[in-house]
Amino acid sequence: MATTTTELPLEIIELIIDRLSEDRDALETCSLVALNWVRCTRSYLFSTAVLENTHSIPTLAELLESPLSTIVHAIRYLSIEVSFRCHFNREQANDYAPYLAAISTRLPSLESLEFVQHSLGVRSNRLSSEVTQIFLPPWSCFQSIRTLVFRSVETSPHLLGFISSFPNLRALEMNGVQSSLTSPGEQLLHIPPPNMLQNVRLSRCAAEEVLDWLLSYASSSSTKLSTSMLQLGGISDQQITSIAKYLTACGPILQHLSLSFRLSDRDFLSLDFCHNVSLRYLRLEPDLYFEVVSQLLCSIASTALEQIELVMPARGRLARLYLHDEKSWAKADRFLVGQESDNGLSIRVQLHRAIDEETIRAYLPLCTARGLISYVYKPVFYTGTYFSS
């Protein structure tokens, strides 16, 4: 008896795979069905290539050059572990350069390049020096890179020059990069930043050096800042001046702003949002001094604001309003109600204790009465970063 097999149309296969995109076990099972199913699952199963150390670079190049490889068109993100096993010093850079060039040729549409350091044990000076040397010219062959990420890496005083070697960069994220990014007396004007950089995320790093770099070059040339999304975490007192200048320079370009800060009652006075007239989303996360929020809200000049997210401090309980704070909060309350009538503004408040909801209602009684505020509860031990939404 003759048997026939029915092959599903490719469009149906793609729809099935798309519905299963977050179920890795199901995707792996689908990849065993037929060749067409293999190709469809690869974009989800192998979108990110992770190299545990730099010795894996030649291995990845060899895999991509194999005629049997089915992941070439799937890889969009490349993550490299840089730690004690890095061994990417200046003498070896030329040895790795051909392999990096081969990878970039096989992955012409690679979107993201990430450097991560998970091994945070005791480092010798020699090993730390070698780790910083990973930021060398051979990586600039990846001209298609649009997102560059650094997580807890031992950085180099020439890191800004490394960033500038990616002309098509749209997003820059630095988290836990503690050391200085520039050499003493270095002229930032000679290091042009990517002129299409739209998304800047900086947390627990020398944020003022990055912002001053972007701002100083824009001020000395005809290049305009293109930052539409700015997310800053772990803001300290010494960074406020640089941040205030950058917010002013961004002007109407900035649409998404997130600030996680620990300021005193005077440090925030130079910070406001009066120049950011196109702001659509604002997130404020004060660590201790919550009363700064009312002052910042009163400085908003944008008529396009759609959502405000307030994250309450995890330590201690929110205090009742003092007499001198009542006027600023009442002003902010009236302003936010006025914004709601124009744009349907919503306010999302993240609390660590349910008892603090009563205090927020006292801070913003008009907004509460209009039903503008919604509450999300996180336990006190929650330690999320400012990148969370």
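So, here's what we can say about the structure. Once a new chain begins, its residue numbering starts again from 1 and follows that chain's sequence as written. A pLDDT threshold of at least 70 governs which residues receive local features in this predicted model, and a stricter bar of 80 or more applies before side-chain atom pairs are shown or counted, although totals over entire chains, interfaces and linings include all residues. With hydrogens and water set aside, each side-chain value is computed from the structure's full complement of heavy atoms.

1. A short note on the overall build of the protein chain
Point 1. A tally of helices and strands in the protein chain yields 13 helices and 12 strands.
Point 2. Burial status across the protein chain gives 47% buried among its 389 residues.
Point 3. By definition, residues are in contact when any of their heavy atoms lie within 4.5 Å. For the protein chain, contacts bridging at least 24 residues in sequence account for 79% of all contacts bridging at least 6.
Point 4. Taken as a whole, the protein chain presents about 19,200 Å² of accessible surface, with 52% of it coming from carbon and sulfur. Working definition: helices are DSSP H or I runs of at least four residues, strands are E runs of at least two. Numbering for both runs from the N terminus. The cut-offs for exposure are 20% and 50% of the maximum accessible area for each residue type, with area from a 1.4 Å probe on protein chains only; residues under the lower value are buried, those over the upper are exposed, and the others partly exposed. All accessible-area figures derive from a Shrake-Rupley calculation using a 1.4 Å probe, and residue coverage is judged against the displayed protein chains alone.

2. Overview of the side chain of serine 328
Point 1. Note that serine 328 resides in helix 11 (residues 323-343).
Point 2. Given a relative accessible area of 9%, serine 328 falls into the buried group.
Point 3. Excluding residues that lie within four positions of it along the chain, serine 328 makes contacts with Ser294, Gln295 and Cys298.

3. Considerations on the nonpolar core
Point 1. Counting 93 residues, the largest nonpolar core has Phe115, Trp139, Leu148, Phe150, Leu284 and Leu297 as its most contacted members.
Point 2. No other element matches the seven residues that helix 8 (residues 207-220) contributes to this core.
Point 3. Residues belong to a common nonpolar core when they are buried Ala, Val, Leu, Ile, Met, Phe, Trp, Tyr or Cys residues joined through side-chain atoms within 4.5 Å. Counting residues in hydrophobic clusters, the runner-up holds seven residues, among them Ile13, Cys30, Cys40 and Leu45.

4. Quick word on the sheet that holds strand 2 (residues 77-81)
Point 1. In short, DSSP must find at least two bridges between two strands for them to pair. Read across the open sheet, the 12 strands follow the order 1-2-3-4-5-6-7-8-9-10-11-12; overall the sheet is parallel. Bordering the open sheet on either side are strand 1 (48-51) and strand 12 (373-377), each of which pairs with just one other strand. Neighbouring strand axes in the sheet, compared pairwise and without regard to direction, differ in orientation by 10 degrees on average.
Point 2. Summarising the sheet, strand 1 and strand 2 pair through four bridges and their orientation is parallel. Within strand 2, the residue paired with threonine 48 across the bridge is tyrosine 77. Angular values range over 0 to 180 degrees, each being the angle between N-to-C directions of two axes fitted as lines to C-alpha atoms, with helices fitted over their stretch in contact.

5. As for the layout of surface pockets
Point 1. Of the volumes computed, that of the second largest pocket is approximately 190 Å³.
Point 2. In terms of residues, the lining of the second largest pocket owes the most to one element, helix 3 (residues 35-45), which gives four residues.
Point 3. Classifying every residue of the lining of the second largest pocket by side-chain character gives five nonpolar, five polar and three charged. Only protein atoms enter the 1 Å grid used here, on which a cavity is any set of points holding a 1.4 Å probe that cannot leave and a pocket is any open set flanked by protein within 12 Å on both sides along at least five of seven lines; residues with an atom within 4 Å of a point are listed as lining. Grid points are joined across faces, edges and corners, and a volume is the space filled by probe spheres set on the points. Ten residue types, Ala, Val, Leu, Ile, Met, Phe, Trp, Tyr, Cys and Pro, are classed as nonpolar, four, Asp, Glu, Lys and Arg, as charged, and the remainder, Gly among them, as polar.

6. Things to note about the pairing of strand 2
Point 1. Where burial is concerned, most of strand 2 is hidden: four out of the five residues are buried.
Point 2. Between strand 1 and its parallel partner strand 2, the chain crosses via helix 4 (residues 56-65), and the hand of that crossover is right-handed.
Point 3. When strand 2 meets strand 3 (residues 112-116), the two strands line up parallel, connected through five bridges. When the bridges of strand 3 are listed, glutamate 81 appears paired with valine 116. By convention, orient the strands away from the viewer: a clockwise path from the first strand over the helix to the second makes the crossover right-handed.

7. Digging into empty space enclosed by the protein
A probe matching the size of a water molecule, rolled over the atoms, marks out where space remains unfilled.
Point 1. Tallied over the entire structure, the rule returns one cavity of 30 Å³ or more.
Point 2. In this structure, the largest cavity is lined by 13 residues; those nearest its centre are Pro193, Pro194, Leu214, Lys224 and Leu225.
Point 3. For the lining of the largest cavity, the element with the highest residue contribution is helix 8, accounting for three residues.
Point 4. Grouping the amino acids of the lining of the largest cavity by side-chain chemistry returns eight nonpolar, four polar and one charged.

8. Details of the packing of helix 1 (residues 10-19) against helix 3
Point 1. Between helix 1 and helix 3, the shortest axis-to-axis distance is 10 Å and the interhelical angle comes to 40 degrees. The interaxial crossing formed by helix 1 with helix 3 has right-handed handedness. Here Leu10, Ile13, Glu14, Ile16, Ile17 and Asp18 of helix 1 lie close against helix 3, whose contacting residues are Asn36, Trp37, Cys40, Thr41 and Tyr44.
Point 2. Grouping the amino acids of the contact of helix 1 with helix 3 by side-chain chemistry returns seven nonpolar, two polar and two charged. The sense of a crossing depends on the near helix, which, turned anticlockwise from the far helix by less than a right angle, makes the crossing left-handed and, turned clockwise, makes it right-handed.

9. Some remarks on the pattern of salt bridges
Point 1. Whenever a carboxyl oxygen of Asp or Glu lies within 4 Å of a side-chain nitrogen of Lys or Arg, that contact is scored as a salt bridge. Enumeration over the complete set of coordinates arrives at seven salt bridges.
Point 2. Between arginine 151 and glutamate 114 there is a salt bridge; the shortest N-O distance is 2.8 Å. One end of the pair, arginine 151, is in strand 4 (residues 147-151); the other, glutamate 114, is in strand 3, with 37 residues separating them in the sequence.
Point 3. Close ionic contact of glutamate 173 with arginine 151 constitutes a salt bridge, the shortest N to O distance being 2.9 Å. Remark: arginine 151 occurs in strand 4 and glutamate 173 occurs in strand 5 (residues 171-175); sequence separation between them is 22 residues.
Point 4. Exposure remark for glutamate 173: the relative accessible area of 9% places this residue in the buried category.
Point 5. Accessibility expressed as a relative area gives 30% for arginine 151, which makes it partly exposed.
Point 6. Within the structure, one salt-bridge network assembled from shared partners comprises Arg283, Glu285, Glu309 and Arg348.

10. As for the packing of aromatic side chains
Point 1. Whether two aromatic rings pair depends on their centres lying within 6.5 Å, for rings of Phe, Tyr and Trp, where Trp uses its six-membered ring; planes under 30 degrees apart make the pair stacked, over 60 edge-to-face, and the rest tilted. A complete count under the given rule lists seven aromatic pairs for this structure.
Point 2. Both rings, one in phenylalanine 115 and one in phenylalanine 162, keep their centres 5.8 Å apart while their planes meet at 70 degrees; by these two values the pair is edge-to-face. Note that phenylalanine 115 is positioned in strand 3 and phenylalanine 162 in helix 7 (residues 159-164), a separation of 47 residues in sequence.
Point 3. The class for phenylalanine 115 is buried, based on a relative accessible area of 0%.
Point 4. We classify phenylalanine 162 as buried; its relative accessible area is 4%.
Point 5. Here the aromatic cluster, defined as three or more aromatic residues joined through ring pairs, consists of Phe115, Trp139, Phe142, Phe150, Phe162 and Phe166.

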